[in-house]
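# Structural features, examined
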Protein chains: 2
Amino acid sequence: TSRGLGDVYKRQGAAMVKIAMDLLRADVIDEKTVLRRMEPQKLDELLHPVFDKAALKRAQVVAKGLPASPGAASGQVVFSAEDAEAWSEKKRKVILVRIETSPEDLRGMAVAQGILTMRGGMTSHAAVVARGMGKCCVSGAGEIQVDYKEKTVKMGDKVYHEGDWISLNGSTGDVYDGEVKTAEPELDGDFGAIMDLAAKYTKTLVRTNADTPRDAIQARHFGAQGIGLCRTEHMFLGERKQIIQNFILADDQEVKDKALAELLDAQQGDFCAMLKTMGEHPMIIRLLDPPLHEFLDNPRELAVEIAKLEATGADAATISQKRELLARIDSMSEANPMLGLRGIRLGIMYPELVDLQVQAIASAMADLQKEGITTHPEIMIPLVSTQAELIAVREQVQAQIDKVCEQKNVKLDIEIGTMIELPRAALMSKEIGEYADFFSFGTNDLTQTTFGFSRDDVESAFIPTYLRKKLLKTNPFETLDEGVAKLVAAGVEGGREAKPNLTCGVCGETGGDPDSIHMYYNLGLNYVSCSPYRVPIARLAAAQAKISAKGNAGHQDK
Amino acid sequence: TSRGLGDVYKRQGAAMVKIAMDLLRADVIDEKTVLRRMEPQKLDELLHPVFDKAALKRAQVVAKGLPASPGAASGQVVFSAEDAEAWSEKKRKVILVRIETSPEDLRGMAVAQGILTMRGGMTSHAAVVARGMGKCCVSGAGEIQVDYKEKTVKMGDKVYHEGDWISLNGSTGDVYDGEVKTAEPELDGDFGAIMDLAAKYTKTLVRTNADTPRDAIQARHFGAQGIGLCRTEHMFLGERKQIIQNFILADDQEVKDKALAELLDAQQGDFCAMLKTMGEHPMIIRLLDPPLHEFLDNPRELAVEIAKLEATGADAATISQKRELLARIDSMSEANPMLGLRGIRLGIMYPELVDLQVQAIASAMADLQKEGITTHPEIMIPLVSTQAELIAVREQVQAQIDKVCEQKNVKLDIEIGTMIELPRAALMSKEIGEYADFFSFGTNDLTQTTFGFSRDDVESAFIPTYLRKKLLKTNPFETLDEGVAKLVAAGVEGGREAKPNLTCGVCGETGGDPDSIHMYYNLGLNYVSCSPYRVPIARLAAAQAKISAKGNAGHQDK
């Protein structure tokens, strides 16, 4: 190899992999030692594009932010998610530049080469979403000046307009002037050999969290053995947001029904595409989870708009219409939405939403079956806290599946499981396990309720202080906490009292964290599910857990 | 007795008590049987004023609402909390009439004879607070028309002005025209005999939740043996709200210090008055619990105000000042405040608030000690989730106590305990118990997080549906749920592993619920704490739990 020592330091992951494989080939160490020597987190940098060395030498740094999501990216500046989509359709490479991002920007982020934000830390929306997508991101570049109106960003002394080229290094936080050539990562060679070794030494499954065919393909590429979590709410954004708004806000049953029919069509298309990608690998689809008011306009902005209209003497009919809309939105607002009307509770209060989603899933599976394509969807019911509500919604789900079977004259075998993401579900897991075909531990929500920590609020507000003062050993949203682990243990134990072979997995952020994966192995979980770019890391960590375990530690290989 | 059968049906509680005591005196049943025959909830009506029978016959019903809080009340109509306070100072009896009530109305509600609201159900602010105060309340009288501007309320065909007399029956929901004479309840006689019997057969302590000397006196009157929960945030309302706002919003350390000094003075006065009332009975004082933004202006109202000022071209300096205030408030707002910066987390982020409160408590105790009055305050740290944060704040609390001891040259022995109100605290109770002198289970918060139910949101939004569809057996905020009970059991067990004689009590709403009290007895709790008007009910339920228990059921009498 022509790489000097400097490159080894810069790319520790590549060096780690190469040295270990060289020693294996020289018979100096054995396979298990190779696996033990791997530091899973260092694999991350091997999965992303890097800058061409020669090109980088000539490049000039014009701004600096946080290394929010690794990789290298080069593209033309755009300032909105819509522009990112439009330019991308014309086969342009774009860098999305925003003051900060919100869920509205998701689709724009997905098509961009990279994302640059002016505000936001390592756990800001942009950073978290970009890491999940494996997309290069530099966040919190506080010195740059973004002007949406003029479509410009000032960096140093230079003003960049829409279409100007810039480049980002998400591993260092550097922003470069102009185009810098990038090279795709190599996933075979030594890296591939390490992944093969991991597969040899563990049967713990690694699945992925994926909401789009693109994510699913990426994760399959990295060796994911199925989808552990498909979040259907992400399918209700973009232009479909208006449809779901129509459903929520309409008084008229006809308007409601029309919206439901449109959503059914759209969802069925989504599921078809994703099921096709996954083939015979299982795909766990979670029924709608978030509070419905997340799909509605922001009531404060609307109230301000009304105040302005009134003060400027606008048309009375317009004002009265907006007032009515505001009253409707207000009637759905919640003081603590995370603990409100969401998950299975939506299914109880709006059964038509469950019907719609189950019909879409079953119909997609049936249609593919008729084309000769076998697929393996599973339906997951979120936020269960009592056995009775699971029984009720489970019956409803099964009735819809049966209905599709009859209509389409097919036989569909779809498992119906639940998330264990509330302390009560873990504590009552024996009762709940009697009516669940599988458990998936949702550690994001379970950590929120076990600690009483709202993730949105505390990650910036006081978790940094708590970590600095050593009041928390680690961020419990990143690494499974010992208190939360007790609930996972109780959940697994109760579930398997009801059904000894119950499949138990995890689909929270901790599902891709190496230390947590060791704990999950010892707790006896069958699989972990994580974002696509965490899959190789999780596969390695699962193999390490297996070879370092004394005895079987309660783990069930399936 | 001259009472006819009709009255017996109307006042079942009185009949129940009288018949049982008659049978005891006639040697037909024994003492334990008397206690077993009591239905604790029926005692409630014996604790409140009733209408004079003759006067009631002549009275005319003019409106009807929900029987939100039992008892009879007669007074002159007022339309604001401020007017209620002003009229009450002039020794007038008033009925506070509101469209609905908010925490701002607390002091007005406290001085009124009764409360009538146009909107709100059995769990509205008015209803819950009135029941806690033992104050007569009719809520949700939807047909009445309240006009704050004109200070009138229309009921039926008649318009009542400020100062007109009306009467309320909070046990039936009837509103009467004019003054109807009321009679105070008799708490001795047969009722007193039952309470003496209860005391004879249990050593489980019944304490009270009280935030004012008035509540404390009422609860002592009903036999409460101490204060299990004094919520200090209620002492920051009224004219003191401005002081705490100054503390929160000021940049200037001098302004902050001045606010803290004012709060210290005010708090010390509060604690002095309450400690004097309780004498040698213990008084558990909980450090500040709610998010600080609860003390600030509503950001949406402020945003609307700014929009109006801008649209009407108001003074730029005023607008800019308000914009700055709004930005400040926004920076403190939280998506899910119930799971945010509150409880002990406030103590970590704003240590000066803990110092202030502990100084006020210790100084009040020291000053009373110098007057020869022995008192027994205990300090309770809320919302603990990790051992490390309890250690940190406990050290800080002890340092402040020591400082006051030195300054005032006294010896103060003040226990420092914690609330167990998050699943993690219950799960890690052994570790937490090592640094707590006592545990108090806060079942309101513990139920919220165990179920993932925001009480503010779900009690009206879907709990009624869940109860109707039998997806919940009971409202878990009223009666201890079996899942939450598992965490209480784990909490007691862990705490007593650390300290075998650890005092464990409960101070949530369920602390006054007879079924829950039976469960708490079996879980081995030393005391329950409830609102003053639940004290007699809790005393009876505790005695019933003891005489119906097989063996000792893990209960520790202290």
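From N to C terminus, chain A includes 24 helices and 21 strands. Relative to a compact globule of 558 residues, whose C-alpha radius of gyration would be 24 Å, chain A shows 25 Å and is just as compact. Each principal axis of the C-alpha distribution contributes one length, and for chain A these read about 75 × 65 × 55 Å. Pairs at least 24 apart in sequence give 69% of the contacts found in chain A among residues at least 6 apart. For chain A, the computed accessible surface area is about 23100 Å², with 48% contributed by carbon and sulfur atoms.

With that settled, consider the relation of the copies chain A and chain B. Superposing chain A onto chain B takes a rotation of 180° plus a shift of 0.1 Å along the axis, which leaves an RMSD of 0.2 Å. What the superposition gives is, in effect, a two-fold axis relating one chain to the other. Closest approach to the rotation axis within chain A is made by the C-alpha atom of A:Asn336, at a distance of 2.1 Å. Taken together, the interface assignments show that 100% of the residues at the interface of chain A recur at the interface of chain B, consistent with an identical surface on both copies.

The next subject is the packing of aromatic side chains. Taken as a whole and judged by the stated rule, the model has 16 aromatic pairs over all chains. Ring geometry for B:Phe453 and B:Phe462: centres 5.5 Å apart, planes at 75°, overall edge-to-face. Pair check on accessibility: B:Phe453 and B:Phe462 agree, each one buried. A network of ring pairs unites the aromatic residues A:Phe451, A:Phe453, A:Phe462 and A:Tyr466 as a single cluster. In this structure, A:Arg207 packs its charged tip against the face of A:Tyr527, placed 4.1 Å from the ring centre.

The next point concerns the nonpolar core. By size, the foremost hydrophobic cluster in this structure holds 253 residues, and its most contacted members are A:Val397, A:Leu412, B:Val397 and B:Leu412. Once residues lying within four places of it in the same chain are set aside, the contact partners of A:Leu412 are A:Ala362, A:Met365, A:Ala366, A:Gln369, A:Ile401, A:Val404 and A:Cys405.

Residues and elements named next belong to chain A. The full count for this structure, using the stated rule, is 58 salt bridges over all chains. Across the pair Arg342 and Asp289 runs a salt bridge whose closest N-O atoms are separated by 2.9 Å. In this pair, Arg342 is assigned in the loop between α13 (316-332) and α14 (344-349) and Asp289 in the loop between β16 (282-286) and α12 (299-311), connecting sequence segments 53 residues apart. The exposure class of Arg342 is buried, given its relative accessible area of 3%.

We now examine the environment of B:Ala311. Within the secondary structure, B:Ala311 sits in helix α12 (residues 299-311). Relative accessible area serves as the criterion here: at 32%, B:Ala311 is assigned to the partly exposed category. Once residues lying within four places of it in the same chain are set aside, the contact partners of B:Ala311 are A:Lys308, A:Ala311 and A:Thr312.

The next subject is the environment of B:Ile517. Residues and elements named next belong to chain B. One can find Ile517 in helix α23 (residues 514-522). Judged by relative accessible area, Ile517 falls into the buried class, the value being 3%. Sequence separation between Ile517 and Gln544 is 27 residues; the distance between their C-alpha atoms is 9.3 Å. If we skip the residues at most four places from it in the chain, Ile517 touches Gly511, Gly512, Val528, Ala538, Ala541, Ala542 and Ala545.

Attention now moves to the packing of helix α19 (residues 443-451) of chain A against helix α22 (residues 482-498) of chain A. Residues and elements named next belong to chain A. Here α19 crosses α22 at 115°, and the two axes come no closer than 10 Å. Seen from above, α19 lies across α22 with right-handed handedness. Of the residues in α22, those touching α19 at Leu446, Thr447, Thr450 and Phe451 are Val484, Leu487 and Val488. Per-class residue counts for the contact of α19 with α22 are five nonpolar, two polar and no charged.

Each strand in a sheet pairs with another by means of backbone hydrogen bonds, the pair being arranged parallel or else antiparallel. Residue and element names in this part refer to chain A. Read across the open sheet, the three strands follow the order β8-β9-β10; overall the sheet is antiparallel. This sheet does not close on itself; its edge strands, each paired only once, are β8 (145-147) and β10 (158-161). Neighbour to neighbour, the strand axes of the sheet diverge by 20° on average, direction disregarded. By the bridge criterion, four bridges tie strand β9 (residues 152-155) to β10 in an arrangement that is antiparallel. Its bridge partner being in β10, Thr152 is matched across the sheet by His161.

Turning to helix α16 (residues 387-408) of chain A, a few remarks are in order. Along its 22 residues, α16(A) runs 32 Å from first to last C-alpha, staying within 8% of the 32 Å computed at 1.5 Å per residue. Considered for burial, the residues of α16(A) that qualify are A:Glu389, A:Leu390, A:Val393, A:Arg394, A:Gln396, A:Val397, A:Gln400, A:Ile401, A:Val404 and A:Cys405. Residues of α16(A) that are buried sit in contact with α14, α15 (351-370), β17 (376-381), β18 (415-420) and α18 (429-433) of chain A together with α21 (463-468) of chain B. Once α16(A) finishes, A:Asn409 follows within two positions and takes phi at roughly 55°, a positive value.

What follows concerns the pairing of strand β21 (residues 527-530) of chain A. Residues of β21(A) alternate between two faces, with A:Tyr527 and A:Ser529 on one and A:Val528 and A:Cys530 on the opposite face, all of them buried. Regarding the hand of the β-α-β motif, the stretch spanning strand β20 (residues 503-506) of chain A, helix α23 (residues 514-523) of chain A and β21(A) is right-handed.

Right, let's get into the side chain of B:Gln245. Residues and elements named next belong to chain B. Among the secondary structure elements, Gln245 is positioned in helix α10 (residues 241-249). Judged by relative accessible area, Gln245 falls into the buried class, the value being 11%. In terms of polar contacts, Gln245 uses its side chain to reach the backbone carbonyl oxygen of Phe295, at 2.8 Å. Apart from residues no more than four positions distant in its own chain, Gln245 is found in contact with Ala250, Phe295, Leu296 and Asp297.

Conventions used here
Residues numbered from 1 in each chain as written. Chains lettered and ligands numbered in written order. Predicted model: local features only at pLDDT ≥ 70, side-chain atom pairs only at ≥ 80, totals over all residues. Heavy atoms only, no water. Helix = DSSP H or I, 4+ residues; strand = E, 2+ residues; numbered from the N terminus. Rg over C-alpha atoms; globule rule 2.2 N^0.38 Å. Contact = heavy atoms within 4.5 Å. Areas by Shrake-Rupley, 256 points an atom, 1.4 Å probe, with all protein chains shown as cover. Least-squares fit on C-alpha atoms with pLDDT ≥ 70 in both. Phe/Tyr/Trp six-rings, centres within 6.5 Å; stacked < 30°, edge-to-face > 60°. Buried < 20%, exposed > 50% of the residue type's maximum accessible area, 1.4 Å probe, protein only. Lys NZ or Arg CZ within 6 Å of the ring centre and 35° of its normal. Core = buried A, V, L, I, M, F, W, Y, C linked by side-chain atoms within 4.5 Å. Salt bridge = Lys/Arg side-chain N within 4 Å of Asp/Glu carboxyl O. Axes fitted to C-alpha atoms, helices over the stretch in contact; angles between N-to-C directions. Left-handed = near helix turned anticlockwise from the far one by under 90°. Nonpolar A, V, L, I, M, F, W, Y, C, P; charged D, E, K, R; others polar. Pairing = 2+ DSSP bridges. Expected span 1.5 Å × (residues − 1). Right-handed = clockwise from strand over helix to strand, strands pointing away. Polar contact = N/O pair within 3.5 Å; in protein donor to acceptor, adjacent residues only side chain to side chain.

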